[in-house]
Amino acid sequence: MHSIKIQHDDSTKDLISQLPDELVHHILSFLPTKDVVSTSALSTRWRYLWTSFSIVNFEFYAWKEKQQERPSFLNKVQRELLIPDTARIRKFHLHSDCAIRFSQILTVMSMVSKVVNHQVEDLDLSIPHHLEPNLFSFPHGLFTSELLISLKLHMTQVSLNNFPTSICLPRLKTLYLDYIRFQDEHSAQLLLSSCPALKELYLDNCDWSQKTDITISIPTLLALSIIFFDDNPPDISIKICTPNLLKLCYTSSLQVELIPSDLSSVIRAEVDVFGWLTYDQRLRVQAAHRTLKLLQGIYGVKFLELSYDTLQAISFAGNFQANHLPTFYNLTDLIVNFNLSNRDGAALMHVLQKSPNLQSLHFSQGFDEEDQENVVPVKDNSRMLKFWSGFQSIAQKIYQKTWERMKG
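Residues numbered from 1 in each chain as written. Predicted model: local features only at pLDDT ≥ 70, side-chain atom pairs only at ≥ 80, totals over all residues. Heavy atoms only, no water.

- The name an unreviewed UniProt entry assigns to the protein chain is F-box/LRR-repeat protein At4g14103-like, from the organism Herrania umbratica.

Here it is, written out as structure tokens:
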């Protein structure tokens, strides 16, 4: 940054005109686009200066608009995008809090095509669409951008179609797909395999119209989040081969099978498996074995969070014992959502027995006394006392190790 020396005297000086272009560009980056364009009227020097600067933040949020102006929200965005081809848009965020018509989706795609031509690095679109699902195509230039670093798409009930045969996103580091519907497994696989520098991947309630097998094999990936809240999704199998992954968040029903191929590097994991509450014993056992298989794949974690449903699920494995679990030698911090049922209580005890170096045990939701009375009969005091006796001995062991570490 150039240093500027200002002399105080009685003469009138145009100090703004003395500012270097780099500093002017930095100042302009904090202004709304329409105000940036207005600066061309300040002086002859500023007439074309704004056309060459990089727009740091180009954000539009429908909820900030007055209610009566919302129908023309996209028209307003289009007007503000009437900028010279030489202007660069680093960050473009377009968020709508209300559903839009499919014809307006096409308008959004036209905007995306224009933004891509302005060398965008951060693209974030949140466009809910609650009508009948429709097929549409993103501009092909979006999937061959050499500058795109972050791509976030929230497009409810809109299906992606007609992917380009060649996808290359060499600098993309963050990919967030929320409520995206893929027509087939090939399109998703093509996209995931074309991001050689990807570090963060979020698949949030994505959907496929048929049984799907996907492989996530990205050596650079550090964080992976997979969420499926649909209780009845199509059968989905996701194989994960990510040798450098550090964080895994997995929330899903039992219809989604997660196959850990190489997750030995994971340090922090959150596992929430639900949907096993069924009278079909076969499905319960399937949920248990899939959950155990996932836990065996992340045996090297240091921080682990298990939901109440997950503890219940693994207990449905036939003749479940502690030896069905891996030994979590590195686990130091365990968070559980827990109540005192027979099943998840026993599962938790087995997890604790297989965690020899545990230092911290946190019950994120505390205990529900009503559930204690409902799930564990008062007359069965021997079982309750046995459970708490074992639990207290492990808690005492954790306390002693923590105290020794603090003294050392």
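Examining the sheet that holds strand β11 (residues 212-216)
Move 1: Pairing in this open sheet of three strands is parallel, and the strands run β11-β13-β15 from one edge to the other. Only two strands of the sheet have a single partner each, and these edge strands are β11 and β15 (256-262). Taken pair by pair, the neighbouring strands of this sheet meet at an average axis angle of 15°, ignoring direction.
Move 2: As paired strands, strand β13 (residues 236-241) and β15 are joined by six bridges and run parallel to one another. Along β15, the bridge assignment pairs I236 with V256. (Pairing = 2+ DSSP bridges. Helix = DSSP H or I, 4+ residues; strand = E, 2+ residues; numbered from the N terminus. Axes fitted to C-alpha atoms, helices over the stretch in contact; angles between N-to-C directions.)

Looking at the packing of aromatic side chains
Move 1: If you walk through the whole model with that rule in mind, you get one aromatic pair.
Move 2: Ring centres 5.4 Å apart and planes at 35° place the aromatic pair Y176 and Y202 in the tilted group. Of this pair, Y176 sits in strand β8 (residues 174-182) while Y202 is found in strand β9 (residues 200-204), placing the two residues 26 residues apart along the sequence.
Move 3: Positioned above the aromatic ring of F303 is the side chain of R268, whose terminal nitrogen or guanidinium carbon lies 4.3 Å from the ring centre. (Phe/Tyr/Trp six-rings, centres within 6.5 Å; stacked < 30°, edge-to-face > 60°. Lys NZ or Arg CZ within 6 Å of the ring centre and 35° of its normal.)

A word on the nonpolar core
Move 1: Counting 86 residues, the largest nonpolar core has F92, L125, I216, I298 and L334 as the members making the most contacts within it.
Move 2: Element by element, the count of residues in this core is highest for helix α4 (residues 102-117), at seven residues.
Move 3: Apart from residues lying up to four places away in sequence, I216 is in contact with L192, L201, L203, L221, L224, I226, I238, K239, I240, C241 and T242. (Core = buried A, V, L, I, M, F, W, Y, C linked by side-chain atoms within 4.5 Å. Buried < 20%, exposed > 50% of the residue type's maximum accessible area, 1.4 Å probe, protein only. Contact = heavy atoms within 4.5 Å.)

Details of empty space enclosed by the protein
Move 1: In this structure the tally under the stated criterion is three cavities of 30 Å³ or more.
Move 2: Taken as a whole, the largest cavity holds about 90 Å³ of empty space.
Move 3: Considering the residues around the largest cavity, the lining is formed by eleven residues, among which Y250, V256, V273, R290 and T291 are closest to the centre.
Move 4: Only β14 (247-253), β15 and α6 (281-297) provide two or more residues apiece to the lining of the largest cavity.
Move 5: The element best represented in the lining of the largest cavity is α6, accounting for four residues.
Move 6: Looking at the lining of the largest cavity, its residues break down into seven nonpolar, three polar and one charged. (1 Å grid on protein atoms, 1.4 Å probe; cavity = no way out; pocket = protein on both sides within 12 Å on 5 of 7 lines; lining within 4 Å. Points joined across faces, edges and corners; volume = space filled by probe spheres on them. Nonpolar A, V, L, I, M, F, W, Y, C, P; charged D, E, K, R; others polar.)

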